[in-house]
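# Coordinate inspection notes
Next come the chains, spelled out residue by residue.
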Amino acid sequence: LFQDITYIDGDRTGATQYYAPDGKTLLYEILYENVMPVSISCAQKGGKMSDFVMIGTEEQTFKAYYPNGALGAVVPFHNGLFNGTKSIYYPNGQAYLTITFANNLTEGTAVQYYENGQVYSKTEYKEDQQHGEEIYYYPNGQIRHEGHYYYDTAHGELSLDRKSGSAGMPRP
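Residue positions within a chain follow its written sequence, with the count starting from 1. Per-residue local features are limited, in this predicted model, to residues with pLDDT of at least 70; the limit for side-chain atom pairs, both in listing and counting, is 80 or more; totals at the level of whole chains, interfaces and linings are taken over all residues. Side-chain descriptors were evaluated using all non-hydrogen atoms of the structure, hydrogens and water having been removed beforehand.

Moving on, we get to the sheet that holds strand 5 (residues 26-33). In spatial order, the strands read 1-4-5-6-7; together these five strands make up an open sheet with antiparallel pairing. Two strands close off the open sheet at either side, each with one partner strand: strand 1 (2-4) and strand 7 (53-54). At least two bridges found by DSSP between two strands are what make those strands a pair. The helix count covers DSSP runs of H or I at least four residues long, the strand count covers runs of E at least two residues long, and both are numbered beginning at the N terminus. Bridge count between strand 6 (residues 36-42) and strand 7: two bridges; the pairing is antiparallel. Residue pairing for strand 7: Ser39 is matched across the bridge by Met54.

Structure representation (structure tokens):
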């Protein structure tokens, strides 16, 4: 997911735009005040952006669409924070990313996919930090890279790209 983020004195403040996997199609925009999300505007079927809606304390799930009407994103909130599983989709309906939040912090396993639906990567998070296993896959499903993290720090053995010996991972 590509983002344009505004920071003031190190804090996320103002508008953040969230784009589709193509990096060009705006799916939704969130306004932040002092790091907290306060309102959201989502792309509607046909491509027009909705008016901004306040993010409240109740459970809210916002959906964004591609101009062709396909679902582009599902963004959940509760108590004014990201809570639940956020899903981003390719225009063909295949999942691009699923990532779970608990009180604005990334928790659990984030899964990114190739456009054909094959898993591209799995990354474990705890308290908004990479913590646990990280695995990248080739399109055929073979493991490309494996590593482990302990609160955002590489920990233990790291297996590199089995073909090139590189740890760098291109995006699907």
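This next bit is on the environment of Gly56. Within the element layout of this structure, Gly56 appears in the loop between strand 7 and strand 8 (60-65). In this scheme, a residue with accessible area under 20% of its type's maximum is buried, one over 50% is exposed, and one in between is partly exposed, where area comes from a 1.4 Å probe on protein chains only. Gly56 gets classed as buried once you look at its relative accessible area, which sits at 18%. Pairs of residues are marked as contacts when any of their non-hydrogen atoms sit within 4.5 Å. Apart from residues lying up to four places away in sequence, Gly56 is in contact with Asn79 and Gly80.

Let's shift gears to the pairing of strand 6. Counting buried positions along strand 6 gives six out of seven residues, so the element sits mostly inside the fold. If you look at the hairpin formed by strand 5 and strand 6, you'll find two residues sitting between the two strands, and Asn34 has a positive phi there, around 50 degrees.

Located in the positive-phi region is Asp128, a residue other than glycine, with phi close to 70 degrees. Assignment of secondary structure puts Asp128 in the loop between strand 15 (119-126) and strand 16 (129-137).

Attention now goes to the nonpolar core. Side chains of a nonpolar character, in soluble globular proteins, are inclined to be buried together. Core analysis: the biggest nonpolar cluster contains 24 residues, and Leu27, Tyr28, Ile30, Ile40, Phe77 and Phe82 have the highest contact counts within it. Broken down by secondary-structure element, the contributors of at least two residues to this core are strand 5, strand 6, strand 8, strand 9 (71-78) and strand 12 (95-102). Formed by five residues, the second largest nonpolar core is a distinct cluster that contains Val74, Tyr89, Val111 and Tyr113. Note on terminology: a nonpolar core comprises buried Ala, Val, Leu, Ile, Met, Phe, Trp, Tyr and Cys residues joined through side-chain atoms within 4.5 Å.

A few words now on the confidence of the model for the protein. Per-residue pLDDT for the protein averages 90, and the proportion of residues at 70 or more is 92%. No element of the protein has a lower mean pLDDT than strand 1, which averages 77, and none a higher one than strand 8, which averages 98. Confidence drops under pLDDT 50 across residues 164-171; counting only partners more than four residues distant or on other chains, this segment forms 13 contacts. Looking at any residue, its pLDDT shows the predictor's confidence there, from 0 to 100.

The next point concerns the environment of Asp51. Residue placement: Asp51 occurs in the loop between strand 6 and strand 7. C-alpha of Asp51 to C-alpha of Val75: the two residues are 24 residues apart in sequence and 16 Å apart in space. Among all residues touching Asp51, those that are not within four sequence positions of it are Ile40 and Ser41.

Another aspect to go through is the environment of Thr25. Checked against the element boundaries, Thr25 lands in the loop between strand 4 (14-19) and strand 5. Separated by 110 residues in sequence, Thr25 and Ile135 place their C-alpha atoms 28 Å apart. Leave out the neighbours within four places in its chain, and Thr25 touches Tyr18, Tyr19, Ala20, Tyr66 and Pro67. As used in this structure description, the phrase polar contact means that two N or O atoms lie within 3.5 Å; if the pair is within protein, one of them must be able to donate a hydrogen and the other to accept it, and residues adjacent in sequence are counted only when both atoms belong to side chains. Here the side chain of Thr25 touches Asp22 through a polar contact of 2.8 Å, side chain to side chain.

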